[in-house]
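# Per-entry structural report
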Amino acid sequence: MSRTRSVATSALAVNRRTVLAATGAAAVSAGVGYALRPTDSQAATATSTSTAAGSGIAAEAPVAQSRQAPATTPLAPYTRGTTVATVAAARTSSGFRRLGNGPGWARVVRGDLAAPKTGRAGRRTALAAFVQLTDMHLIDAQHPMRLEYLRSTDVHAWRPQEALTVHGAVALVERINALRGGPVTGAPLHFAMTTGDNTDNNAKSELEWFLKVMSGGRISPNSGDPRRYEGVQNSGLKQYWQPDATVRDADKQLGFPHLDGFLAAAIRELNSPGLNLPWYSTVGNHDAMPLGCYGSHADPWLTEYAVGGKKLMSLPAAEAKKLQNAIKTAKDPKGAGFRDLLKAHARDMRAVTPDEKRAPYTPTEYVRAHLDPAHRGVGPVGHGYSTANLDAGTQYYSFRIADDVIGISLDTTDAGGHYEGSVGTAQLKWLEKTLTDNKDSYAIVFSHHTSQSMDNTRPDPARPGERRHSGAEVVALLARHRNVLAWVNGHIHRNDITAHAGSGGGPGFWEISTASHVDYPQLARVVELVDNKDGTLSLFTTCVESSAPHRTDFADLSQTGLAALYRELSFNAPGASTTLGGAARDRNTELVLKKG
């Protein structure tokens, strides 16, 4: 029977591991999505029934149910549609390489933190199962603020697949909906978690598309002129793929196809079924700041440029290189230099249709959009966020995954600017308190940034006196808590799994970083937690692709055909890294660790 209860009705101090052992629990708890409604040290109160000022949204406790296997059906591994069964692979070797069905990826057992014991497969008990989606980068490809012109110095600064991000994301939702259970345990999936960069350019248009992709709805992936595409791909500029034109652009010289009707199909309305399980949201730098790097919300000129009728589409290589270097080295965190460059090239801009939907959104607007009942889907309300986040101006929270497991979502973005991350002192103290208060529950931590990409300790303009803390400090904190099992994140667009040793004889934890869904190989990841009943736990990670077929048909410009083309274009994108899939030890794995 499904449980749906708030933490307000269940004291977290109870040792859930002892209770489960005493009752002989042998299956994943069906009760999920009942958030730990944060208090002052979390994100909202458990008993709040107030309405956030001006929001019009009641602060009800999020309640959701996980999918359940029928009681009469034994749990069995479900690998269909996962990379255990098959993975897209090249079937041609020159020019524009075509994809087809390749062999699946083997599972690698990693004993960095604990030795795997024989016979554990027959003993193991499933505790939780979920899906991680990360770095979907839903792109408003016609947005004036985009930096396509950096391609004059860096060929991968613009990707040929960028007009199809919504199609790819919907196909990923369809794949997750088709998963009947965990690939190892067969256990029902409890929830999905996005770990940031859900949008690409902090644009309201992109935010609306993301929420509809996740919760369901009709989406028109178009802005500006509702009748036609206006952007670099019909500009006639040869440095970009011009799919509808016969012009011999740089990408066509590499074998990219001429596809009549591509742009009209790319902006055509499509439908997302929405996830059929509860989903939670974590913020990334591209969600928090324009272009993922500029703390420019207070700049009225850049805000007006974002919604206005002019767009820069080309830039000399020397100037493009200078701009790219300023972004990489964080020399222009507020975007003042970027603004000046745009002003200097005002005469080089092309006319586009103005659109208020392209305006940047604030952190408050981001949280409020998640709380909008129109985007609830199957829940929970706010997708982790609460009205207390609105009141406190925060974007971090905790929630209960299963009877014995809590989830913690961090905000590692730095509103002061730059794409790397950090956390403030208040959040770090909240994290410590949350882990201490729930020491009898296993903990899985989620964030956008990895531990190695949290070296931006620039002050947050909203909290100028607060110290910022690096990834190394977060690792040290997590290593002190014996109940921490994993830190799940994204940002680097690459599969990477790192073992972190515990301190004071603790068991340590695994850091699981997953590839993006905008760059090839375009993956999400299923994570299953089991008790091996021998003093160890295992985390099973299994990568999944979207539901789009591996083979493409250039004549098929349907929603499904475009989703397949999205993958193949990303595979062929000039300058794209070939190592983002990671090594075998970073993909489908069993990660063993001692019980804390």
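Residues numbered from 1 in each chain as written. Predicted model: local features only at pLDDT ≥ 70, side-chain atom pairs only at ≥ 80, totals over all residues. Heavy atoms only, no water.

## As for the overall build of the chain
If you tally the helices and strands in the chain, you get 14 helices and 23 strands. In the chain, which comprises 596 residues, the share counted as buried stands at 62%. Put simply, of all contacts in the chain between residues at least 6 apart along the chain, 78% involve residues at least 24 apart. Accessible surface, the chain as shown: approximately 20,900 Å² in total, 52% of it carbon and sulfur. (Helix = DSSP H or I, 4+ residues; strand = E, 2+ residues; numbered from the N terminus. Buried < 20%, exposed > 50% of the residue type's maximum accessible area, 1.4 Å probe, protein only. Contact = heavy atoms within 4.5 Å. Areas by Shrake-Rupley, 256 points an atom, 1.4 Å probe, with all protein chains shown as cover.)

## Here we look at the sheet that holds strand β20 (residues 509-513)
In a beta sheet, neighbouring strands are held together by backbone hydrogen bonds and run either parallel or antiparallel to one another. Pairing is mixed in the open sheet, where six strands are placed in the order β13-β14-β16-β18-β20-β19. The open sheet is flanked by β13 (397-402) and β19 (496-500), the only strands paired with a single partner. Ignoring which end each strand starts from, the neighbouring axes of this sheet average 20° apart. By the bridge criterion, four bridges tie strand β18 (residues 484-489) to β20 in an arrangement that is parallel. Bridge pairing links Asn489 to Ser513 in β20. Of the strands in this sheet, β13, β14 (405-409), β16 (442-446) and β18 are in contact with helix α12 (residues 425-437), which crosses β14 at around 175°. (Pairing = 2+ DSSP bridges. Axes fitted to C-alpha atoms, helices over the stretch in contact; angles between N-to-C directions.)

## Thoughts on the environment of Arg123
Along the chain, Arg123 falls in helix α2 (residues 120-123). Spatially, the C-alpha atom of Arg123 lies 8.2 Å from that of Asp534, the residues being 411 residues apart in sequence. In this structure, Arg123 is in contact with Lys117, Thr118, Asp531, Asn532, Lys533 and Asp534, ignoring residues within four places of it in sequence. A distance of 3.2 Å separates the side chain of Arg123 from the backbone oxygen of Thr118, its partner in a polar contact. (Polar contact = N/O pair within 3.5 Å; in protein donor to acceptor, adjacent residues only side chain to side chain.)

## Some remarks on the pattern of salt bridges
Taken as a whole and judged by the stated rule, the model has 31 salt bridges. Between Arg120 and Glu590 there is a salt bridge whose closest N-O contact spans 2.8 Å. Taken together, the residues span a long stretch of sequence, with Arg120 in helix α2 and Glu590 in strand β23 (residues 589-594) at a distance of 470 residues. Comparing Arg120 with Glu590, the two get one shared label, buried. Here the salt bridges share partners, and the residues they tie into one network are Arg146, Glu148, Arg159, Glu162, Asp200, Lys311 and Asp519. (Salt bridge = Lys/Arg side-chain N within 4 Å of Asp/Glu carboxyl O.)

## Observations regarding the pairing of β23
Burial of β23 is extensive: five of the six residues sit out of reach of the surface. Note that strand β22 (residues 536-544) and β23 share six bridges and pair antiparallel. Its bridge partner lying in β23, Thr536 is registered against Lys594.

## Regarding the nonpolar core
Of all hydrophobic cores here, the largest spans 67 residues; its most connected members are Ile401, Phe446 and Leu539. The next biggest cluster of nonpolar side chains, apart from the first, holds 45 residues, and it includes Tyr294, Ala306, Ile327 and Met349. (Core = buried A, V, L, I, M, F, W, Y, C linked by side-chain atoms within 4.5 Å.)

## Remarks on helix α10 (residues 363-371)
An α-helix turns once every 3.6 residues. As a result, residues three or four positions apart point the same way. Buried within α10 we find Tyr366, Val367, Ala369, His370 and Leu371. Buried residues belonging to α10 abut α4 (204-215), β10 (279-282), α6 (285-288) and α11 (387-392).

## Overview of the packing of aromatic side chains
Scanning all chains against the criterion turns up 22 aromatic pairs. The interplanar angle of 85° and the centroid separation of 5.4 Å between the aromatic rings of Phe191 and Phe399 together place this pair among those described as edge-to-face. Here Phe399 lies in strand β13 and Phe191 lies in strand β7 (residues 191-195), a separation of 208 residues in the sequence. A single burial state applies to Phe191 and to Phe399, both of which are buried. Through pairs of rings, three or more aromatic residues link up here, namely Phe130, Phe191, Tyr280, Tyr361, Tyr366, Tyr385, Tyr397, Phe399 and Phe446. (Phe/Tyr/Trp six-rings, centres within 6.5 Å; stacked < 30°, edge-to-face > 60°.)

## Looking at the packing of α4 against α10
Orientation of α4 relative to α10, taken along the N-to-C sense of each, is 30°, at an axis distance of 11 Å. Accordingly, the angle class assigned to the pair α4 and α10 is roughly parallel. In the crossing of α4 with α10, the sense of the turn from one axis to the other is right-handed. Between α4 and α10, the contacting residues are Lys204, Leu207, Phe210 and Leu211 on the first element and Glu365, Tyr366, Ala369 and His370 on the second. When the residues that make up the contact of α4 with α10 are grouped by side-chain class, the tally is five nonpolar, one polar and two charged. (Parallel < 35°, antiparallel > 145°, perpendicular 65-115°, else oblique. Left-handed = near helix turned anticlockwise from the far one by under 90°. Nonpolar A, V, L, I, M, F, W, Y, C, P; charged D, E, K, R; others polar.)

## Some thoughts on α12
Across its 13 residues, α12 extends 18 Å between first and last C-alpha, which sits within 8% of the 18 Å expected from 1.5 Å per residue. Among the residues of α12, those classed as buried are Gln427, Leu428, Trp430, Leu431, Thr434 and Leu435. Down the axis of α12, the buried set is contained in an arc of 160°. They therefore lie on one face. (Expected span 1.5 Å × (residues − 1). Arc of directions from axis to C-beta.)

## Quick notes on unusual backbone geometry
The linkage connecting Gly379 with the following residue, Pro380, adopts the cis geometry, with an omega of -5°. Note on placement: Pro380 falls in the loop between α10 and α11. Backbone geometry at His137 places phi at a positive 50°, although glycine is not the residue there. Positionally, His137 belongs in the loop between β6 (125-133) and α3 (165-178).

## Overview of the confidence of the model for the chain
Chain-level statistics for the chain give a pLDDT mean of 90 and a share of 88% at 70 or above. Taken as a whole, residues 1-42 scores under 50 in pLDDT and shows 125 contacts with residues more than four places along the chain or in a different chain. Segment residues 44-72: pLDDT under 50, and 78 contacts once partners within four positions in sequence are set aside and those in other chains are kept. (pLDDT = per-residue confidence, 0-100.)

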